[in-house]
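As a plain string of letters, each chain reads:
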2 protein chains.
Amino acid sequence: MANITKKVSWSSRADESGATGERTPLLNGSEQNPHSRQPSEGGSIFQIGRLSTVDLEEEITSDEDSLRGRPKEIPHNEKLLSLKYESLDYDNVENQLFLEEERRMSYMGFRCLEISRWVVCGLIGILTGLIACFIDIAVEQLAGIKYQVVKKNIENFTEAGGLSISLLLWAVLNSAIVMVGAIIVAFFEPIAAGSGIPQIKCYLNGIKIPRVVRLKTLVVKVCGVICSVVGGLAVGKEGPMIHSGAVVAAGVSQGRSTSLKKDFKMFEYFRRDTEKRDFVSAGAAAGVSAAFGAPVGGVLFSLEEGASFWNQMLTWRIFFASMISTFTLNFFLSIYHKKTGDLSSPGLINFGRFQGDSVAYNLYEIPLFIAMGAIGGLLGALFNILNYWLTIFRIRYVHRPCLQVMEAMLVAAVTAAVSFTMIYFSNDCQPLGPEHTDEYPLQLFCADGEYNSMATAFFNTPEKSVRSLFHNQPGSYNPLTLGLFTLTYFFLACWTYGLAVSAGVFIPSLLIGAAWGRLFGILLASIPSKDTIWADPGKYALIGAAAQLGGIVRMTLSLTVIMVEATGNVTYGLPIMLVLMTAKIVGDYFVEGLYDIHIKLQSVPFLHWDAPATSHWLTAREVMSSPVTCLNRIEKVGTIVDTLSNTSTNHNGFPVVVQVSGSDEPAKLCGLILRSQLIVLLKHKVFVELARSRLTHRKLQLKDFRDAYPRFPPIQSIHVSQDERECMMDLTEFMNATPYTVPQETSLPRVFKLFRALGLRHLVVADDENRVVGLVTRKDLARYHLGKHGLEELQLAQT
Amino acid sequence: MANITKKVSWSSRADESGATGERTPLLNGSEQNPHSRQPSEGGSIFQIGRLSTVDLEEEITSDEDSLRGRPKEIPHNEKLLSLKYESLDYDNVENQLFLEEERRMSYMGFRCLEISRWVVCGLIGILTGLIACFIDIAVEQLAGIKYQVVKKNIENFTEAGGLSISLLLWAVLNSAIVMVGAIIVAFFEPIAAGSGIPQIKCYLNGIKIPRVVRLKTLVVKVCGVICSVVGGLAVGKEGPMIHSGAVVAAGVSQGRSTSLKKDFKMFEYFRRDTEKRDFVSAGAAAGVSAAFGAPVGGVLFSLEEGASFWNQMLTWRIFFASMISTFTLNFFLSIYHKKTGDLSSPGLINFGRFQGDSVAYNLYEIPLFIAMGAIGGLLGALFNILNYWLTIFRIRYVHRPCLQVMEAMLVAAVTAAVSFTMIYFSNDCQPLGPEHTDEYPLQLFCADGEYNSMATAFFNTPEKSVRSLFHNQPGSYNPLTLGLFTLTYFFLACWTYGLAVSAGVFIPSLLIGAAWGRLFGILLASIPSKDTIWADPGKYALIGAAAQLGGIVRMTLSLTVIMVEATGNVTYGLPIMLVLMTAKIVGDYFVEGLYDIHIKLQSVPFLHWDAPATSHWLTAREVMSSPVTCLNRIEKVGTIVDTLSNTSTNHNGFPVVVQVSGSDEPAKLCGLILRSQLIVLLKHKVFVELARSRLTHRKLQLKDFRDAYPRFPPIQSIHVSQDERECMMDLTEFMNATPYTVPQETSLPRVFKLFRALGLRHLVVADDENRVVGLVTRKDLARYHLGKHGLEELQLAQT
């Protein structure tokens with residue numbers, strides 16, 4: 001089962017030493033534990049709509065005697081909630097140490113902190129912009145070389161009839177490049193696969209995804225995305241920028257790199273989840289901003305996908321990071337393009353500007369736009385459903401790294417082959433006019449001075465194909481070309497998303513949409529009419545692109561702004577909004593958005609914005625985990641070590657209780673302490689006896705906790721002698737003395753709101769005598785979701 | 001003192017019957033009450049940075065023997081916190097009735113509710129758009145007539161030398177129109193004065209501002225703004241749209257109008273503060289959207305100014321309302337402009353489009369933009385300081401409606417006179433080219449075929465002047481004209497803001513900024529240089545406009561988006577951001593934003609985003625009000641009536657406690673009940689004895705509370721007989737059984753965060769036995785603010 005644990009996660013590798021401390025090493029033991037929380041029987045006591053009837057245990061039992069190595073097939077379904085993901089602590093631990101530090105700090109101290117927050121955001125922006133710049137230039141150069149080689153080869157062989165050799169060359173070249181990208185991802189850092197947006201979404205939601213914001217992930221991601229784009233896969237380089245920005249933010253804000261073992265002794269104040277998560281929001285925004293040249297869109301993306309508590313100062317910092325990021329990118333790209341100082345060029349993606357009279361639209365076009373939105377929603381839903389099945393298949397059968405690499409190479413080869421075939425059989429020849437801007441026009445069997453129009457769509461990086469579809473003259477493409485292109489690219493993109501390569505889904509989606517949108521426009525224009533406004537198919541390509549992307553990812557507000565900023569024109573704001581709304585409504589009727597599907601398939605305890613609508617039946621009493629392992633305020637070291645080492649509990653937070661001495665009254669809640677804090681205390685041997693005998697050389701400071709953050713050592717690595725086990729530990733100074741509590745009768749929506757709004761990790765349920773009766777954590781809330789048949793409860797699984 | 005209470009409020013009128021029920025009629029008694037909360041001596045026990053030394057009482061005492069009528073001078077300062085403003089309840093009252101209703105509701109029921117929320121938002125958008133359309137057309141028509149009359153008159157008299165008659169005509173015309181606007185505002189609905197943005201900001205912050213979202217306010221606001229703009233004041237029609245949108249939202253979402261005594265029996269579910277405030281956010285956004293043609297800017301405005309908890313579904317609804325609003329406006333304006341169906345025209349304001357090559361900017365211009373931002377910040381700070389003094393003066397001396405009307409008329413006359421003088425003495429003649437679009441060119445003493453360029457700036461509605469400054473050809477204005485115009489308009493606008501007329505400050509600010517920005521651009525262009533990019537002063541006019549507006553109102557994110565959407569060009573996004581940030585940083589160094597100044601001067605308990613940085617010293621124990629008036633779960637009617645009638649308490653929420661029968665243990669907290677709920681219970685005589693004797697015909701339902709919302713009757717209007725006083729009331733069903741509580745040791749920032757994030761109104765402070773020891777309300781938190789010398793505490797005042 002330990003192996004299963006590994007395989008269905010985003011990062012299909014064994015836990016590394018560092019991450020295990022906080023991330024419940026105890027869970028690796030395969031025994032199901034009946035004590036740690038009320039098992040599923042408990043859930044069925046309360047009549048919830050309809051309980052999921054899938055039981056993971058059965059499936060696992062049948063699998064138990066399979067090889068201890070990698071099983072051939074991994075059973076998996078989406079009605080599970082993994083216990084292996086932990087929450088971030090967005091709530092500050094307000095213990096005495098913290099309060100003392102805050103009280104010591106002067107007003108100027110706080111001003112300095114605020115200024116250093118801005119500095120960090122500036123750095124995040126600059127570095128993210130530089131990375132985007134690097135990716136852009138690398139892709140352009142490498143893709144240029146590749147297309148030159150292939151083009152020359154094709155041109156040589158067009159007459160000679162040896163086109164199959166060209167095909168072979170193209171396919172092998174693509175496969176080889178993709179292989180490099182897939183190998184580094186599959187073998188070195190599996191979490192770098194995909195666009196990274198689902199992972200960042202989870203992180204911003206408050207879930208600790210292991211290794212997601214590490215330097216190594218960033219390196220693999222950047223190299224991986226260059227390989228996948230250059231390798232000709234149906235992917236974009238934009239999505240991964242968001243992940244890259246987040247990693248940069250997590251790194252810069254901590255003022256050190258654990259991977260490089262380098263501590264700059266800066267920004268130590270920011271070494272906690274609260275601050276780190278804020279900076280990661282800024283990083284994600286900076287990534288979007290660099291990717292699409294959309295600083296406002298970036299801010300909205302961060303907020304729409306991540307933030308729960310809107311804080312004005314934070315928003316401004318995020319905005320600043322976004323701004324700096326797009327600014328840096330523009331500046332360096334302007335140097336690269338030899339137009340130094342001209343900052344008017346947008347982000348990584350360049351849709352070209354929609355300007356002049358062609359941008360007008362009329363009232364009677366609104367229904368057409370809405371219809372296109374609906375088509376986008378339908379196609380998006382189809383895409384998502386196909387990708388869902390594919391992902392299930394991949395989780396079950398394609399989980400070995402070598403298989404993953406082979407699949408990626410296969411997709412690369414097939415993409416090349418399909419493109420080649422399409423170009424080969426297409427006879428859509430267009431004149432090579434003077435205003436033609438295509439970099440690699442393929443003549444093939446066309447007459448001299450003409451080029452193959454199918455090739456503009458296939459034989460190009462996807463960004464450039466999108467731009468051609470938006471801006472090329474009416475008549476540049478014939479409908480058949482566009483139809484065939486849409487069809488093939490749709491399936492290729494669907495197959496590609498989820499491969500073990502770093503790649504985004506934004507650009508392929510836009511490309512599919514732009515293709516059918518342009519087709520739509522051409523068909524409209526063929527309807528006899530006096531009006532000339534329909535003459536511009538580029539407009540419909542834009543709307544189609546928005547519809548398709550909206551249908552797949554289901555973002556509305558941020559996507560509208562991103563599209564507006566990327567096209568440099570606000571006139572289309574209104575139609576784009578309408579289209580995105582329609583696409584979302586239509587798509588949601590069938591299936592969730594692509595990112596949500598992938599989050600669900602990873603069984604991540606993702607908290608949505610609100611509790612399920614019909615969950616007022618449930619109260620804290622029913623959702624909480626109980627009984628809770630409590631610690632005394634002055635506790636024996638042995639007890640603490642045993643509690644932490646006990647593989648049958650998986651709690652990371654322990655309510656601290658106090659027994660009034662001499663009385664037999666029940667113990668009352670007086671605080672909450674985290675596993676990570678206890679680990680640090682044990683490591684520094686902060687025992688009462690030692691303090692009395694003055695053996696401790698100094699008082700433990702907040703700095704000690706910050707130094708250990710975020711990779712706290714596991715309990716197993718801490719040696720506690722038999723004598724020390726008999727010592728006592730005084731938790732008073734270190735525990736959070738004022739944890740949030742709720743009474744047992746609190747309804748689930750109310751608990752949910754408190755938990756979500758404040759980004760809590762542990763919420764203590766107390767009775768009216770202030771005794772601890774339970775503990776609500778993320779998984780207790782994420783368990784309930786609204787299915788097709790009312791409220792459903794997900795099964796908790798150790799996977 | 002009761003009169004003083006009235007005068008320093010935004011709505012300088014005696015409380016009306018309706019508002020008083022919830023809004024503590026008890027406060028009208030002029031006795032200072034030592035019991036209701038710890039008085040200021042209590043505050044000084046705890047060492048807070050430096051306490052404000054101003055004592056309201058002294059000043060009032062000296063004033064006590066003044067006339068009982070309207071005192072001539074009202075003492076006032078900004079270091080006060082009024083006790084007369086109440087919080088909204090953004091936290092749902094989860095009592096048994098509510099939970100039962102929620103539990104009865106099926107999943108389909110929730111879907112229907114969600115759909116009706118969207119319908120309401122659609123209606124809000126449509127109505128707001130229509131109102132904007134009405135204002136726009138009315139202003140255009142009326143101003144057209146006025147300018148025609150004056151122009152004809154001036155032209156007639158230019159040669160004849162009777163220009164003083166023209167001046168008189170212009171001044172009298174303006175004064176007369178402004179008089180109408182001032183009279184309806186000053187005498188009928190004082191809350192409709194100004195832009196309404198500070199009031200809406202407070203409402204969204206969670207403060208109940210009396211009469212701010214009433215139908216009458218809307219009518220007065222709309223008529224008032226038309227009069228002020230047509231009357232030629234230095235005002236805009238955009239700011240008031242935000243208020244109008246908010247009123248529309250509050251009205252539509254309740255499905256009834258209390259003023260019109262019409263109940264449509266619709267949307268009854270939305271009759272509570274939580275839902276209403278959400279809709280008001282949408283209304284404010286729709287208002288911005290209609291005013292500036294900026295739907296995304298509207299959403300961001302609502303969020304930046306108001307929301308604390310970002311909810312995705314809510315954001316989308318707000319977005320929808322914004323979208324519909326701008327759509328409606330565009331559609332009807334397109335009919336009005338006889339281009340039916342062309343939706344490409346933007347909102348109320350029309351800055352014209354910046355297009356083509358003139359929009360480019362270069363790296364070396366960035367420092368210039370930043371410098372302009374700094375100038376904007378300085379000028380903005382100056383504007384705010386002047387207006388602050390003026391407002392203090394107005395509060396003290398100009399508080400009678402007739403004085404207010406006279407001041408408004410005076411300003412109108414002076415504005416006309418100054419404009420006339422400026423035009424008269426200006427000799428900036430420009431040729432009347434074919435591309436000239438000015439509607440009312442004044443020839444005056446210019447040669448034939450020329451027009452007076454000063455007149456384009458003054459003799460026009462401010463929106464059109466802004467557009468001219470942005471887009472007129474280089475050379476249309478000479479530097480002296482612009483300099484003089486900036487100077488005069490600056491002081492006129494500063495004098496105008498705060499008059500008893502409905503008017504916005506956006507457009508005048510933009511106009512001032514555009515004028516000096518253009519001047520800046522002209523001066524730059526006069527520097528010898530080979531580069532042609534500086535040739536366009538329109539670009540600098542735009543940047544200057546942004547800088548000036550940013551320096552005055554200090555918004556950044558939303559204002560950037562509004563400017564981008566209003567100009568229809570995203571290229572300037574980055575410079576505008578930089579400029580707004582700079583303006584904010586520079587301006588904040590001197591003084592707060594204009595809206596914040598006005599909010600502070602009204603002593604509103606406004607909660608900022610975070611607790612003051614250095615407030616970790618304070619704990620709940622120190623900030624809470626105590627002792628708290630508690631009620632028993634089963635309480636004698638007489639006690640309740642006495643508690644509610646007691647003029648020495650001002651609480652609106654009462655913790656409910658339960659005494660374990662027979663034991664002498666202290667009473668434990670078991671719930672929280674609101675004054676408004678008790679009033680409804682008393683009104684329906686929900687007494688235990690009646691229930692037993694089956695005299696109550698039906699069980700009290702949630703509907704009864706909703707029907708009474710939001711104008712709960714005052715306790716005085718409820719008759720309770722002596723017999724009834726002996727009855728008992730069972731509060732179990734009606735109280736919120738799970739109020740949020742915090743321990744006494746909780747630090748202020750932690751209390752603040754909980755309070756702010758969840759939008760609470762009452763937060764119970766309990767000890768570790770779960771006994772009530774205090775109650776934290778909005779004013780307990782709003783009292784602390786960061787002054788120049790560290791943490792300061794505001795004085796609570798009955799004003």
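First things first, this report covers the structure right here in the doc. None of these values were measured; they are calculated from a predicted model. (Residues numbered from 1 in each chain as written. Chains lettered and ligands numbered in written order. Predicted model: local features only at pLDDT ≥ 70, side-chain atom pairs only at ≥ 80, totals over all residues. Heavy atoms only, no water.)

Our focus in this paragraph is the relation of the copies chain B and chain A. For the pair chain B and chain A, the best superposition has an RMSD of 0.1 Å and corresponds to a rotation of 180° with a translation of 0.0 Å parallel to the axis. Taken together, the turn and the small shift mark the pair as related by a two-fold rotation axis. Taken as a fraction of all interface residues of chain B, those also at the interface in chain A reach 100%, which identifies the copy contact as same-surface. (Least-squares fit on C-alpha atoms with pLDDT ≥ 70 in both. Contact = heavy atoms within 4.5 Å.)

So, on to the interface of chain B and chain A. Counting from both sides, the interface comprises 90 residues of chain B and, opposite them, 90 residues of chain A. Taken over both partners, the interface formed by chain B and chain A buries close to 8100 Å², and the fraction arising from carbon and sulfur atoms is 67%. Taken together, the links from chain B to chain A amount to four salt bridges. A salt bridge links A:Asp91 to B:Arg750; its shortest N-O distance comes to 3.1 Å. Looking at the side of chain B that touches chain A, the elements with two or more residues in it are helix H5 (96-104), helix H6 (107-160), helix H12 (295-305), helix H13 (312-336), helix H21 (557-567), helix H22 (573-590), strand S13 (741-743) and helix H30 (748-758) of chain B. For the side of chain B that touches chain A, the element with the highest residue contribution is H13(B), accounting for nine residues. Taken together, the residues that form the side of chain B that touches chain A break down as 44 nonpolar, 27 polar and 19 charged. (Buried area = accessible area lost by both parts, 1.4 Å probe. Salt bridge = Lys/Arg side-chain N within 4 Å of Asp/Glu carboxyl O. Helix = DSSP H or I, 4+ residues; strand = E, 2+ residues; numbered from the N terminus. Nonpolar A, V, L, I, M, F, W, Y, C, P; charged D, E, K, R; others polar.)

What follows covers the sheet that holds strand S14 (residues 762-766) of chain A. Residues and elements named next belong to chain A. An order of S13-S14-S15 is seen for the three strands of this open sheet, with the pairing classed as mixed. Each edge of the sheet is formed by a strand with only one pairing partner; in this case those strands are strand S13 (741-743) and strand S15 (772-777). Mean inter-strand twist for the sheet, computed between neighbouring axes without regard to direction, equals 35°. For S13 and S14, the ladder comprises three bridges, and the chain directions are parallel. Paired with Val 742 across the bridge in S14 is Val 765. Relative to S14, helix H30 (residues 748-758) is tilted by about 145°, and along the sheet it contacts S13, S14 and S15. (Pairing = 2+ DSSP bridges. Axes fitted to C-alpha atoms, helices over the stretch in contact; angles between N-to-C directions.)

Next up on the list: the sheet that holds strand S10 (residues 653-658) of chain B. Two strands in a sheet stick together by hydrogen bonds in their backbones, pointing the same way (parallel) or opposite ways (antiparallel). All names here are of chain B. The strand order across the open sheet built from three strands is S8-S10-S11, with neighbouring strands paired in mixed fashion. Every interior strand has two partners, whereas the edge strands, strand S8 (631-632) and strand S11 (668-674), have only one. Where S8 and S10 come together, two bridges link them in parallel fashion. The partner of Leu 631 across the bridge, within S10, is Val 656.

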